[in-house]
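Listed below, chain by chain, are the residues.
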Amino acid sequence: MKKKIRKDSFEAFISLLQESYRLIGPAVDDGVVVMREIVFDDIPAGYRDHQSPGSYRLSKGDDADIFSFAPGPDSFKRVLHPPEKELFAFRRGKSGIVIDPLPARDRPVALLGVRGCDLTALKLYDRVFLEGPVQDRTYHHLRSNSLIIAFNCLFPGDTCFCASLGTGPEVKDYFDICMTELEDSFLLEAATERGKEMVGRLSAEAPNDADWKGKRMRVDRCARMMKKTIAAHELPDIIYRNLDHPCWNEIAARDLECGNCTQVCPTCFCNSIYEIPHLDGLLRSPPETSGVRVRKWDSCFSTNFASVHGGNFRYSRSARYRHWISHKLAYTGAQFGLPGCVGCGRCITWCPAGIDITEELEALRNVR
Amino acid sequence: MKKRIRIDYLSRVEGEGGLLVEIKDGGISRLNVSIFESPRFFESFLRGRPHQDIIDFTARICGICPVAYQMSSAHAVEKIFGVDVDPQIRLLRRLFYTGEWIESHALHIYLLQGPDFYGAESAWTKSEYLPLAKKGLHFKKIGNDLLSVLGGRPIHPVSVRTGGFFGVPKKKSLTALIDDLEKAYEESLHAIRWAAGLPFGGIERDMEYVSLRHPEEYPMNEGRVVSNRGLDMTMEEFFGALREHQVERSTALHSAVQRNTTMTPYLVGPLARFNLNFEMLPPEVKSIIRETGTLVPLHNTGMGIIARSAELSFAFHEAVRLIRDYEEPAKAFVEYSPRSGTATWITEAPRGMLIHRYELDDNGYVKACTLIPPTSQNLGHMEKDIHAFLQKNLEKPADYLKRECEKIIRSYDPCISCSVHVLVLKRN
Amino acid sequence: MKKPRIGVFKFTSCDGCQLSILNLEEQLLGILEVFDVAYFREVSDKPLAGHFDIAVIEGSISTDRQVEEIIDVRERSTFMISIGACATCGGVQALKNWASAAEYKRSVYPSPEVIETLATSDPISEHVHVDYELWGCPPDNSAILKTLTSFLLGRRPPVPTYALCMECKQKGIPCILVSQSEPCLGPITKAGCGVLCPSLDRPCYGCFGPKEGANIDSLFTVFKQFGYSQNECMQMIDKMNTYAYRKEKYKAASPT
Amino acid sequence: MYDKLIPQPATIRWIRKETRDTSTYAIRLNSTRTVGEYRFRPGQFNMIYLPGVGEAPISISSSPGDRELTHTIRVAGNVTTALSKLSSGDTVGLRGPFGSGWPLEEADGRSLLIIAGGLGIAPLRPVVRLLAKSNHPSKNDQQCPKLSEAPVLLYGAKTPKDVIFRDEFPRYRKFFRVYLTVDKTDPEEYWKGEVGLISSLLGRITLNPLNTVVFMCGPEVMMKCMIRGLLEMGIPEEKIFISMERNMNCGVGTCGHCMFGPTFVCKDGPVFRLTDVARFLAVSEV
Ligand SMILES: Cc1cc2nc3c(=O)[nH]c(=O)nc-3n(C[C@H](O)[C@H](O)[C@H](O)COP(=O)(O)OP(=O)(O)OC[C@H]3O[C@@H](n4cnc5c(N)ncnc54)[C@H](O)[C@@H]3O)c2cc1C
Ligand code: SF4
Ligand code: SF4
Ligand code: SF4
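Now for a look at the structure at hand. Note that the structure is predicted; figures quoted are calculated from it, not measured.

1. A word on the overall build of chain A
Here is step 1: In terms of regular secondary structure, chain A is built from 14 helices and 15 strands.
Here is step 2: Taking 21 Å as the expected radius of gyration for a compact globule of 368 residues, we find that chain A reaches 22 Å, a close match to that expectation.
Here is step 3: When its C-alpha atoms are laid out on the principal axes, chain A stretches across 70 × 60 × 40 Å.
Here is step 4: When the 368 residues of chain A are sorted by exposure, 63% land in the buried category.
Here is step 5: In chain A, 71% of the contacts between residues at least 6 apart in sequence involve partners at least 24 apart.
Here is step 6: Within chain A, one finds 49 positive and 49 negative side-chain charges whose respective centroids are separated by 3 Å.

Structure follows, in structure tokens:
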């Protein structure tokens with residue numbers, strides 16, 4: 001289903017979404033475009049960002065475009081794979097143990113503004129959490145209750161390189177609704193029942209040839225404007241052939257191991273599961289152990305991420321750094337048949353040390 | 001007859017201190033509230049530090065009243081830089097202080113001093129005391145909640161900076177606290193009756209008590225220094241009249257006010273504030289105090305708990321008022337440029353006047369500083385109180401005297417961790 | 001089952017960490033129910049006696065007498081937890097470790113002879129074996145609760161050891177280092193405070209101490225690009241956890 | 001079918017002490033009436049959960065068809081210590097089975113060499129028991145491979161005291177060629193096995209390298225060293241199978257902790273064909 005709405009009815013579209021969904025979309029917090037629950041006025045219409053390794057600045061642009069900003073630190077990941085999520089509650093006492101899978105009561109969520117790069121990441125998440133040996137109930141619940149509203153980027157971020165990976169900027173599939181912003185209207189393409197149901201409720205006109213041309217032109221312009229590239233065609237070989245190269249030490253010398261890159265990366269899914277005991281169980285009579293089991297984002301940069309009894313499989317910083325880059329640029333492909341780096345540039349911008357994955361790969365490519 | 005009263009470790013007080021008394025031939029030959037809390041040399045390592053560090057470092061002097069340190073230092077630095085804060089910032093600072101008064105007073109009334117009146121070794125050993133302990137913890141939590149909204153956490157809050165705050169709270173996160181504060185206020189009024197009805201020992205003594213006084217409000221961050229003996233000075237003038245000396249076996253210095261040639265030890269704290277600013281308390285608090293038959297001014301330091309309870313009610317009441325008046329300011333702090341200078345500032349910490357004096361260089365780095373916490377100002381007075389009590393009770397058994405002395409000390413709510421941070425001034 | 005006996009001990013400190021325990025308020029009575037709080041001088045007259053299943057230590061070691069005391073406490077306890085910056089790394093008073101103590105004393109007291117103090121302010125672990133350390137100035141009281149509860153269950157507490165940045169991102173706080181060039185210590189500091197400062201637009205000043213393997217020099221390189229001098233950078237880490245940051249800095253000078 | 005991410009209550013039927021720090025736990029899911037209802041392949045593992053303490057991946061040490069489902073566990077940290085304080089009748093949580101398991105079909109018509117170091121015997125015991133049992137004329141199991149000759153079992157432990165399942169070896173000797181070795185002897189223990197590193201045993205065994213399949217589990221350093229020896233013997237890489245250990249939180253490839261190169265030890269392993277992982281074993285800290 002394909003429709004066109006005028007920009008002045010965009011607000012109506014937003015209200016329509018809000019009737020059935022909790023709307024998560026872009027908003028400005030402290031000078032940064034974040035993703036959170038929004039109302040129409042939160043959408044940072046016309047903002048432009050200036051990104052470079054380790055730096056982000058936002059300013060209000062003067063053109064009429066609404067979605068002129070590039071990705072900020074957040075992605076769908078914050079919503080579908082929340083930073084902290086309770087998996088179940090437990091009780092253990094005299095009479096054994098009881099596990100209460102917590103009732104799934106999250107409201108359906110509409111994610112507004114999922115970019116091409118992020119859609120590839122979303123596809124990867126589905127493979128990780130839904131197509132593995134066991135379907136992850138927690139993810140499944142959130143995912144199946146989500147409406148993905150993708151959009152075609154108007155302008156690339158200064159650290160974006162999706163074009164050379166083929167993951168963007170054009171949105172091709174894997175969405176419920178795809179928006180393309182034109183001069184004075186939005187093209188809406190609904191691909192799923194859920195999406196059609198929403199778009200179908202809008203009174204809108206059918207797009208004409210000029211609109212499709214406009215879309216083409218804008219998507220192409222965005223790709224053309226992208227400054228960064230990555231040697232995608234030589235992946236994963238560059239990594240595999242250099243796993244044992246001493247250059248990793250040099251590359252890792254600047255690494256802070258702060259984990260920011262992994263937290264903002266839309267494909268990084270690593271997590272740790274914690275047992276959070278509650279004191280009140282122990283006060284019951286007879287006393288029992290009670291609490292919740294929670295899953296929290298973690299990172300392969302955490303020093304004990306690969307620790308076991310008897311040692312740490314990645315005890316050095318350079319090994320942890322190598323693991324991260326290798327997982328992004330080589331391993332994920334082997335694991336899930338999808339790129340582990342989708343070219344969104346987030347890790348470059350949000351790395352306090354300004355480490356640039358594309359440059360590090362270049363450095364690796366050139367080592368002997 | 002020779003008697004020795006020795007308390008190695010005072011309990012239910014902040015920090016580490018003891019008491020040594022020797023009674024010989026019907027007289028007291030030695031009396032020393034000793035402090036063996038190890039000094040931490042804040043005044044030394046503040047030197048050469050940027051001015052924001054003053055706020056963060058001095059907070060670490062005391063985990064019970066970090067806000068007091070932050071307030072005195074922020075004001076002193078602002079005075080040097082000539083910064084005038086927005087009225088809403090002023091309001092928030094006062095609100096911040098009410099949070100700390102609540103937290104600190106509730107702790108002292110219910111967990112530290114309270115058990116003394118019930119012959120309990122702690123707030124939880126006697127089941128009859130437990131309801132009071134619970135009430136204290138409940139009050140304390142409300143104070144802490146307020147501090148957390150304003151400063152991120154109750155101990156060493158992180159929001160205070162020169163010129164205001166790093167970030168100010170949303171009005172709605174403060175109004176969310178009003179319900180609890182109002183209920184606590186009601187409860188705390190009853191608690192004043194409870195406090196006034198406690199069996200007080202100790203003795204009445206003629207003394208000089210000193211506090212800030214503000215023309216429009218119960219004193220916290222601003223005012224002149226006044227006493228019941230006619231003292232009425234600016235903060236700077238008071239600092240000039242202050243004299244301190246070191247006593248043996250103590251890492252703290254004792255303070256006194258100098259008038260002509262006489263040096264008088266004086267009292268600061270809730271009792272002093274209460275006596276000097278009674279009229280500024282909420283009408284309900286005043287009338288309950290009157291109803292209980294309590295005579296104001298109080299002349300028995302043992303009755304500090306009444307003053308503290310009245311102030312606790314006041315703090316709940318004041319917090320509600322301030323929250324109602326609060327409007328989110330456009331900016332959390334005012335811009336300023338550092339410049340050199342020297343300034344003294346005094347604010348009313350829960351335990352009394354906290355005096356800070358800084359000398360900063362052109363870039364706002366610390367050249368010299370002086371910190372005089374309330375407990376060190378009270379030490380001389382405390383010893384006098386014990387002296388007076390013992391003088392009247394010399395014949396009583398040592399055990400009893402020891403217990404009573406400990407109670408006297410505790411009634412001051414001494415903060416020994418703070419009291420070691422006293423710098424003597426090189427004055428001619 | 002017998003309630004585990006717990007003792008809370010204070011050395012050189014501001015009392016804030018003990019107060020953090022009392023600040024558990026609503027859970028405090030629960031703690032009193034499951035533990036036998038046998039020594040806690042700040043709130044109880046109970047004299048020091050007997051053996052402790054857990055000794056909770058606040059404060060640093062800065063006098064000879066304290067050296068003896070901590071050895072005594074260690075001997076009478078099974079499990080020792082040090083809490084707070086003072087106990088885990090000497091606290092803000094460890095700044096004197098980089099200066100002359102005699103000079104310090106003179107500057108503060110008119111008659112310095114009567115003041116007993118060691119030349120340094122030491123972490124507890126430099127004098128006795130410590131089983132678990134809970135960092136922070138002050139530590140987060142929910143972490144204290146988790147630690148005590150974990151002890152009852154016979155396990156290590158579930159306290160993450162990664163950088164504050166992780167917690168900051170998880171909370172969705174816009175990074176002030178990247179978006180405002182603020183000198184935030186988040187990348188080299190342990191998580192655990194709840195990201196108090198960055199959420200107020202304030203750079204982290206390091207209450208929770210250096211994270212394991214903190215790459216301090218690399219962060220300083222960034223700060224220098226922002227215009228801070230080496231001296232200013234050093235002052236940023238020379239605060240409540242000065243001793244720990246400096247150790248980590250000089251350790252990291254040799255590559256891992 | 002239950003949700004394999006939610007631990008199911010299971011009861012400890014009995015506990016048998018193997019060595020000073022290792023015990024075998026017979027555990028049965030409360031939801032099953034017979035042990036046979038719980039289906040798994042030798043070499044797979046379960047996640048054993050203790051509410052409030054945590055979860056740990058533990059190999060199944062019994063074989064399908066055994067009277068009990070057992071786990072042989074060494075005290076190492078949170079969960080394993082807490083488990084050591086439980087007794088029969090206590091409840092734990094269990095979910096599984098997970099992982100790849102030993103490719104028994106590969107051994108069909110070939111010689112089998114089983115190599116275990118330390119606790120590495122636990123995941124191999126199901127294979128050993130299966131073979132030992134099937135050798136018994138009365139119980140010919142079709143699940144079990146037909147070997148071309150008597151299999152070889154090499155097992156190394158630190159000291160005689162650390163030998164797990166010591167009582168069972170005499171039984172296995174009837175069918176296996178068993179070689180036991182310890183790093184060092186203990187004056188208090190009677191020991192008539194070998195002394196020295198397990199790698200030194202390789203030279204003693206006679207097998208047709210081109211027709212041999214190897215199943216191996218043990219500490220990684222030991223396995224790396226043995227691999228070198230096996231390859232020298234002429235055993236092809238693709239006939240060597242190793243079982244690996246990594247940190248695991250989820251057991252199903254979603255937490256990322258167990259990644260070894262591009263593999264997830266939990267779902268692609270723990271048993272790997274050497275050809276699939278050799279290039280990563282050659283690199284340190286992958
Ligand atoms: C596929 C597989 C099969 C296995 N089979 C068996 C088996 O059959 N029998 C068996 O006994 N074991 C087996 N293991 C090993 C077993 O899983 C571990 O020993 C177990 O996970 C330990 O769990 P724990 O909770 O007791 O220890 P943990 O508390 O998780 O600690 C394990 C070790 O890691 C260190 N450590 C980990 N995290 C931290 C941290 N945050 N801070 C400090 N130290 C830390 C600890 O010092 C400790 O020594 C297997 C492992 C795998 C992957
Ligand atoms: S690459 Fe950058 S963001 Fe990632 S851990 Fe290293 S320093 Fe932090
Ligand atoms: S604000 Fe500070 S703590 Fe947060 S991500 Fe940035 S550098 Fe890290
Ligand atoms: S300075 Fe850092 S560690 Fe301390 S409260 Fe602020 S953010 Fe947390």
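2. Some words on the pairing of strand β3 (residues 27–35) of chain B
All names here are of chain B.
Here is step 1: Here eight bridges tie strand β2 (residues 17–24) to β3, and the two strands are oriented antiparallel to one another. Across the sheet, residue Leu19 finds its bridge partner in β3, namely Val33.
Here is step 2: The turn joining β2 and β3, which pair antiparallel and follow one another in sequence, is formed by two residues; a positive phi near 50° is taken by Asp25.

3. Remarks on the environment of B:Ile409
Residues and elements named next belong to chain B.
Here is step 1: Structurally, Ile409 can be placed in helix α13 (residues 398–411).
Here is step 2: On a C-alpha basis, the gap between Ile409 and Ser188 in space is 25 Å, while along the polypeptide they are 221 residues apart.
Here is step 3: Ignoring sequence-local partners within four residues, the contact set of Ile409 consists of Leu10, Leu19, Val33, Met382, Ile386 and Pro414.

4. A word on the packing of aromatic side chains
Here is step 1: Throughout the structure, instances matching the rule amount to 55 aromatic pairs over all chains.
Here is step 2: Ring centres of A:Tyr321 and A:Trp324 lie 6.4 Å apart, and the angle between their planes is 55°; on these two criteria the pair is classed as tilted. You can see A:Tyr321 and its partner A:Trp324 sitting in helix α12 (residues 317–336), three residues apart, about one turn around the helix. Residue A:Tyr321 shares its accessibility class with A:Trp324, and that shared class is buried.
Here is step 3: In textbook terms, an aromatic cluster arises when at least three aromatic residues are bridged by ring pairs, as seen for A:Phe10, A:Phe13, A:Phe40, A:Phe67, A:Phe69, A:Phe151 and A:Phe186.
Here is step 4: Positioned above the aromatic ring of B:Phe166 is the side chain of B:Arg161, whose terminal nitrogen or guanidinium carbon lies 5.3 Å from the ring centre.
Here is step 5: Here the guanidinium or amino end of B:Lys331 rests over the ring plane of B:Phe333, the centre of that ring lying 4.6 Å away.

5. Description of the site of ligand 4
Here is step 1: In the neighbourhood of ligand 4, the contacting residues comprise B:Arg153, B:Val158, C:Leu164, C:Cys193, C:Leu196, C:Cys197, C:Pro198, C:Cys204, C:Tyr205, C:Gly206, C:Cys207 and C:Phe208.
Here is step 2: Near ligand 4, residues from chains B and C are present, making the site a shared one.
Here is step 3: Grouping the constituent residues of the shell around ligand 4 by class yields ten nonpolar, one polar and one charged.

6. Some details on the site of ligand 1
Here is step 1: In the vicinity of ligand 1 there are 23 residues, among which D:Pro57, D:Thr72, D:Arg74, D:Asn78 and D:Thr80 approach most closely.
Here is step 2: Each of chains A, C and D places residues next to ligand 1.
Here is step 3: One of the backbone nitrogen or oxygen atoms of D:Thr72 is found 2.8 Å away from a nitrogen atom of ligand 1.
Here is step 4: Notes on ligand 1: free accessible area 970 Å², of which the protein chains cover 76%.
Here is step 5: Put simply, the parts of the chain that give the shell around ligand 1 at least two residues each are β4 (54–59), β5 (70–74) and α1 (78–84) of chain D.
Here is step 6: At four residues, the largest contribution of residues to the shell around ligand 1 is made by β4(D).
Here is step 7: Split into classes, the residues belonging to the shell around ligand 1 amount to twelve nonpolar, seven polar and four charged.

7. Some remarks on helix α3 (residues 116–130) of chain A
Here is step 1: Under the 1.5 Å per step criterion, the end-to-end length of α3(A) is 21 Å for 15 residues, consistent within 8% with the ideal 21 Å.
Here is step 2: Counting buried positions along α3(A) gives 13 out of 15 residues, so the element sits mostly inside the fold.

8. Brief notes about the sheet that holds strand β15 (residues 271–273) of chain D
Residue and element names in this part refer to chain D.
Here is step 1: Taking strand neighbours across the sheet as the criterion, the seven strands line up as β10-β9-β8-β7-β11-β12-β15 in an open arrangement whose pairing is mixed. Sheet topology places β10 (194–195) and β15 at the edges, where each strand pairs with a single neighbour.
Here is step 2: Two strands pair when backbone bridges link them, and strand β7 (residues 111–117) and strand β8 (residues 152–157) are joined in this way by five bridges, in the parallel orientation. The partner of Ile115 across the bridge, within β8, is Leu154.
Here is step 3: Across the sheet, helix α4 (residues 220–233) is in contact with β7, β8, β11 (212–217) and β12 (240–243); its angle to β11 comes to roughly 165°.
Here is step 4: Against the sheet, helix α5 (residues 274–281) touches β12 and β15, its axis set at about 90° to β15.

9. Details of the arrangement of the chains
Here is step 1: Looking across the four pairs of chains in contact, one finds the most contacts between chains B and C.
Here is step 2: Separating chain A from chain B is a minimum C-alpha gap of 11 Å, and the two share no contact.
Here is step 3: Kept free of each other, chain B and chain D leave a smallest C-alpha distance of 28 Å between them.

10. Points about the nonpolar core
Here is step 1: Membership of the largest hydrophobic core comes to 363 residues, with the highest contact counts inside it found for B:Phe238, D:Leu113 and D:Leu154.
Here is step 2: No other element matches helix α4 (residues 87–113) of chain B, which puts 14 residues into this core.
Here is step 3: Among the nonpolar cores identified, the runner-up in size contains 32 residues, and D:Trp102, D:Val128, D:Leu131 and D:Phe241 belong to it.

11. Considerations on the pairing of strand β4 (residues 47–52) of chain A
Residues in a regular strand point their side chains to alternate faces of the sheet.
Residues and elements named next belong to chain A.
Here is step 1: Where β4 meets strand β5 (residues 55–60), six bridges bridge the pair, whose relative direction is antiparallel. Paired with Tyr47 across the bridge in β5 is Lys60.
Here is step 2: Hairpin connection, β4 to β5: the antiparallel pair is bridged by two residues, and Gly54 has positive phi, about 75°.

12. A few points about the interface of chain C and chain B
Here is step 1: Listed per partner, the contact involves 59 residues of chain C and 70 residues of chain B.
Here is step 2: Carbon and sulfur atoms supply 58% of the area that chain C and chain B bury against each other, a total of about 5500 Å² over both sides.
Here is step 3: On inspection of chain C and its partner chain B, the count reaches six salt bridges.
Here is step 4: As a salt-bridge pair, C:Lys239 and B:Asp53 come within 3.4 Å of each other at their nearest N and O atoms.
Here is step 5: Counting the contacts that link chain C with chain B gives 18 residue pairs in polar contact (both at pLDDT 80 or more).
Here is step 6: Where the side of chain C that touches chain B is concerned, the elements lending two or more residues are α1 (16–22), α2 (28–34), α3 (64–75), α5 (101–108) and α10 (230–237) of chain C.
Here is step 7: By residue class, the composition of the side of chain C that touches chain B is 28 nonpolar, 14 polar and 17 charged.

13. Description of helix α7 (residues 209–225) of chain A
All names here are of chain A.
Here is step 1: Taking 1.5 Å per residue as the helical rise, α7 with its 17 residues ought to reach 24 Å, and the 24 Å between its terminal C-alpha atoms agrees with that figure.
Here is step 2: Listing the buried residues of α7 in full gives Asp211, Gly214, Lys215, Arg218, Val219 and Cys222. Projected onto a plane normal to the axis of α7, the buried residues spread over an arc of 125° and lie on a single side. The exposed residues of α7 that point more than 90 degrees off its buried face are Asp209, Ala210, Lys213 and Arg224.
Here is step 3: Contacts from the buried residues of α7 go to β1 (2–6), β10 (177–181) and β11 (185–190).
Here is step 4: Put simply, Asn208 is the residue that caps the front of α7, since its side-chain oxygen is 3.1 Å from the backbone nitrogen of Ala210.

14. Concerning the packing of α12(A) against helix α14 (residues 357–365) of chain A
All names here are of chain A.
Here is step 1: Taken N-terminus to C-terminus, the directions of α12 and α14 make an angle of 100°; their axes are 12 Å apart at the nearest point. Taken together, the axis directions place α12 and α14 in an arrangement best described as roughly perpendicular. Along its contact with α12, which presents Tyr321, Trp324, Ile325, Lys328 and Leu329, the element α14 presents Ile357, Glu360 and Leu361.
Here is step 2: Tallied by class, the residues present in the contact of α12 with α14 amount to six nonpolar, no polar and two charged.

15. Side note on the sheet that holds strand β6 (residues 210–213) of chain B
Residue and element names in this part refer to chain B.
Here is step 1: The strand order β6-β7-β8 describes an open sheet built from three strands, whose pairing is antiparallel. Each having just a single partner strand, β6 and β8 (232–233) make up the two edges of the open sheet.
Here is step 2: Relative to β8, strand β7 (residues 224–227) runs antiparallel, the two sharing two bridges. The residue bridging Val225 from the neighbouring strand is Met233, located in β8.
Here is step 3: Lying over the sheet, helix α9 (residues 270–277) contacts β6 and β7, oriented at roughly 55° with respect to β6.

Rules of the game
- Residues numbered from 1 in each chain as written.
- Chains lettered and ligands numbered in written order.
- Predicted model: local features only at pLDDT ≥ 70, side-chain atom pairs only at ≥ 80, totals over all residues.
- Heavy atoms only, no water.
- Helix = DSSP H or I, 4+ residues; strand = E, 2+ residues; numbered from the N terminus.
- Rg over C-alpha atoms; globule rule 2.2 N^0.38 Å.
- Buried < 20%, exposed > 50% of the residue type's maximum accessible area, 1.4 Å probe, protein only.
- Contact = heavy atoms within 4.5 Å.
- Lys, Arg positive; Asp, Glu negative; His and termini not counted.
- Charge placed at Lys NZ, Arg CZ, Asp CG, Glu CD.
- Pairing = 2+ DSSP bridges.
- Phe/Tyr/Trp six-rings, centres within 6.5 Å; stacked < 30°, edge-to-face > 60°.
- Lys NZ or Arg CZ within 6 Å of the ring centre and 35° of its normal.
- Near = heavy atom within 4 Å.
- Nonpolar A, V, L, I, M, F, W, Y, C, P; charged D, E, K, R; others polar.
- Polar contact = N/O pair within 3.5 Å; in protein donor to acceptor, adjacent residues only side chain to side chain.
- Areas by Shrake-Rupley, 256 points an atom, 1.4 Å probe, with all protein chains shown as cover.
- Expected span 1.5 Å × (residues − 1).
- Axes fitted to C-alpha atoms, helices over the stretch in contact; angles between N-to-C directions.
- Core = buried A, V, L, I, M, F, W, Y, C linked by side-chain atoms within 4.5 Å.
- Buried area = accessible area lost by both parts, 1.4 Å probe.
- Salt bridge = Lys/Arg side-chain N within 4 Å of Asp/Glu carboxyl O.
- Arc of directions from axis to C-beta.
- Parallel < 35°, antiparallel > 145°, perpendicular 65-115°, else oblique.

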